[in-house]
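# Fold and geometry: a report
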Amino acid sequence: MVDLLIKNALVLTCHPNVLTGEIHAPGAIAVKESRILEIGPSGPLEAKYADAAEVIDASGRIAMPGFIVTHTHMPYVLGHNQPVDVSQLRSFWDMLQKMGWEWLEDITTADGILAGTQYASLKMLKSGTTTVCDLVEAPNALPGPLDGSVRAIAETGIRAQLGYEVTERVPGVPIAERLDPAYAEEGFAENVRLLESLEPGGRVQGRLGVHTAYTNSPETLSRAREIAEKHQCGIQIHIAEIPRAFLCEKYGKSAPEVLEEAGLLGPDVVAAHCIDLTDSDLEILARNHVSVAHTPMTNSLGGNGVARVPDMMEQGINVSLGHDCFFTLDTAEYIRYAYLVHKAHRANPMLIPPFQALDLVLGNAAAALGLADEIGSLHAGKKADILLIRPDSPSPVGPSNVISYFTMTFRGCDVETVLVDGEVVVADGVSTHVDEQAVRKACVEQATQLWKRNGIDVRAQSINL
Ligand SMILES: [Zn+2]
């Protein structure tokens, strides 16, 4: 007997990838415990599994694998819409130092991490993201900031890889003036504490976090590789999100060169941004089998240019999608932006077709996180991380056009039901795990308190407190 049979759906297996994956219309998925037992045409599977403990009739719905987002900072939601003095933000460097560090990360507390992560993971789940790779940055919440992240993730039911950002940056001190390896040590300790506390193969896993090549010494970068080897946890890091000149001035080398020399790079590395790269930098990423977390919206925000994603793909570099949690938490918007921006940038409509845009959050992302055998497609034996989507489309949606629906009109609010590990965590668009109003209220309260630390007191005027 199976635990669950999803029948009559337009099933996109996306296995081994979106372009060649089988489509069953109507199709069915049999789920036993946390895994997919069988997928196929609906009629025969309904007959075979007539005694299923639970049946979902998914007529009019698309069934597909859950989205995977490979680079986020969930507590960043506390900074959404913060009414700051934008005249101080004249470059990416200003944005990083003020909006990223001074006005947000350096004043983020443990309570803020808990509330922000609850809100972000809830919103992401509801819009179809079932796995996220999150990097927590809050130097004044050490030790213990990851405790809130783990609790929030467990409460909402999303799958996650989690790490704390190792950096030698001293809060409040310009990085060109001084770096202090003692801060990196605290960061390593936070990561190791998490890694040693988690069950292997659980829904929450650790992934060692490292900020950048320019905020860490070569010794710290080498040590990150040693720790990743010891714990077999992989590394997440930002690479080349700032103009190359910054690192060249310091070392006479690019970020990939510095990181390769330190021995940090490898197939277990997820590198966010990767914007300002030369041909030889791309070769370094390719020969070290590094996966890229492409973050097109935040790259645009900082005026940092457009990452060479088509060139990366040409060279066989695995590219996935991240979003920093800086704007909306709806992955649909990032899929669409990644689909469009390279066409505009290169004046070439043939770049990044819909199937490739969707692969960024499915198979490519699963491979980036070392989970290619577990998630990213619907296939017998894989985890039952499944979305049921009711398309809100002005035109027919069927097997011939369903892939382009995702770049054309899909929005996260079309996601109706979400399963993680075979468990329904969102039913009819509502979380089965948490009180959504309470989560939202706690997050708005924490954002209000964080803004107050910047001298912004909006409590009296707020319409949603
Ligand atoms: Zn980031």
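Scroll up a little and you will see the structure.
The structure contained in this document is the topic of the report that follows. The shown structure was predicted, so the numbers you read here are calculated from the model rather than taken from an experiment.

### Things to note about helix α16 (residues 436–453)
With 18 residues, α16 extends 26 Å from end C-alpha to end C-alpha; this agrees with the ideal 26 Å at 1.5 Å per step. Buried residues of α16: Val439, Cys443, Val444, Gln446, Ala447, Thr448, Leu450 and Trp451, and no others. For α16, the elements touching its buried residues are α3 (110–126). Two to three positions downstream of the cap, the backbone nitrogen of Gln437 sits 3.1 Å from a side-chain oxygen, assigning the N-cap of α16 to Asp435. Downstream of α16 by a residue or two, Gly455 has a phi angle that is positive, lying close to 85°.

### Considerations on the coordination of the zinc ion
Within the protein, the atoms that donate to the zinc ion are His71 (NE2), His73 (NE2), His238 (NE2) and Asp324 (OD), at distances of 2.0 to 2.5 Å. One can describe the site at the zinc ion as irregular: its 4 donor atoms subtend angles covering 84 to 166° at the metal. A relative accessible area of 4% means that Asp324 is categorised as buried.

### Remarks on the packing of α3 against helix α4 (residues 145–156)
Running from N to C, α3 and α4 cross one another at 35°; their axes reach a closest spacing of 8 Å. Both α3 and α4 take part in a crossing whose hand is right-handed. Across the interface between the two elements, Ile113, Leu114, Thr117, Gln118, Ser121, Leu122 and Leu125 of α3 pack against Pro145, Gly148, Ser149, Arg151, Ala152, Ile153, Glu155 and Thr156 of α4. Of the residues that constitute the contact of α3 with α4, the class distribution is 7 nonpolar, 6 polar and 2 charged.

### As for α3
The terminal C-alpha atoms of α3 lie 24 Å apart, and with 17 residues this matches the ideal 24 Å at 1.5 Å per residue to within 8%. Burial of α3 is extensive: 13 of the 17 residues sit out of reach of the surface.

### Brief notes about the pattern of salt bridges
Between side chains of opposite charge, a pair can form as their charged atoms come close. Across all of its chains, the model carries 26 salt bridges by this definition. A salt bridge links Lys126 to Glu436, with the shortest nitrogen-to-oxygen separation between them at 2.7 Å. Highlighted residues: Lys126 in helix α3 and Glu436 in helix α16, separated in sequence by 310 residues. With its nearest N and O atoms 3.0 Å apart, the salt bridge here joins Arg203 to Asp421. Separated by 218 residues along the polypeptide, Arg203 in the loop between α5 (181–197) and β9 (204–206) and Asp421 in the loop between β16 (415–420) and β17 (423–427) bring together distant segments of the chain. Bridged by salt links that share partners, the residues Arg159, Arg203, Lys383, Asp385, Asp421 and Glu423 form one connected network.

### Structural notes on the packing of aromatic side chains
Taken as a whole and assessed by the stated rule, the structure comprises 8 aromatic pairs. Measuring from centroid to centroid gives 6.3 Å for Trp93 and Trp101, while their planes differ by 75°, and the two rings are edge-to-face. Here Trp93 falls in the partly exposed class, since its relative accessible area comes to 24%. Residue Trp101 is classed as buried on the basis of its relative accessible area of 5%. Put simply, the rings of Phe67, Tyr405, Phe406 and Phe410 pair up and form one aromatic cluster. Looking at Lys343, its charged tip hangs above the ring of Tyr339, at a distance of 3.6 Å from the centre.

### Some details on the packing of α3 against α16
Between α3 and α16, whose axes approach to 8 Å, the crossing angle comes to 135°. Taken together, the axis directions place α3 and α16 in an arrangement best described as oblique. Regarding α3 and α16, the two cross each other, and that crossing is left-handed. For the pair formed by α3 and α16, the contact residues are Asp111, Gly112, Ala115, Gly116, Gln118, Tyr119, Leu122 and Lys126 on the first element and Glu436, Val439, Arg440, Ala442, Cys443 and Gln446 on the second. Partitioning the contact of α3 with α16 into residue classes produces 6 nonpolar, 4 polar and 4 charged.

What counts and how
Residues numbered from 1 in each chain as written. Predicted model: local features only at pLDDT ≥ 70, side-chain atom pairs only at ≥ 80, totals over all residues. Heavy atoms only, no water. Helix = DSSP H or I, 4+ residues; strand = E, 2+ residues; numbered from the N terminus. Expected span 1.5 Å × (residues − 1). Buried < 20%, exposed > 50% of the residue type's maximum accessible area, 1.4 Å probe, protein only. Contact = heavy atoms within 4.5 Å. Polar contact = N/O pair within 3.5 Å; in protein donor to acceptor, adjacent residues only side chain to side chain. Donors = N, O, S within 2.8 Å, 3.2 Å for Na, K, Ca; no water. Tetrahedral: all angles 85-135°; square planar, octahedral: opposite > 155°, others 65-115°. Axes fitted to C-alpha atoms, helices over the stretch in contact; angles between N-to-C directions. Left-handed = near helix turned anticlockwise from the far one by under 90°. Nonpolar A, V, L, I, M, F, W, Y, C, P; charged D, E, K, R; others polar. Salt bridge = Lys/Arg side-chain N within 4 Å of Asp/Glu carboxyl O. Phe/Tyr/Trp six-rings, centres within 6.5 Å; stacked < 30°, edge-to-face > 60°. Lys NZ or Arg CZ within 6 Å of the ring centre and 35° of its normal. Parallel < 35°, antiparallel > 145°, perpendicular 65-115°, else oblique.

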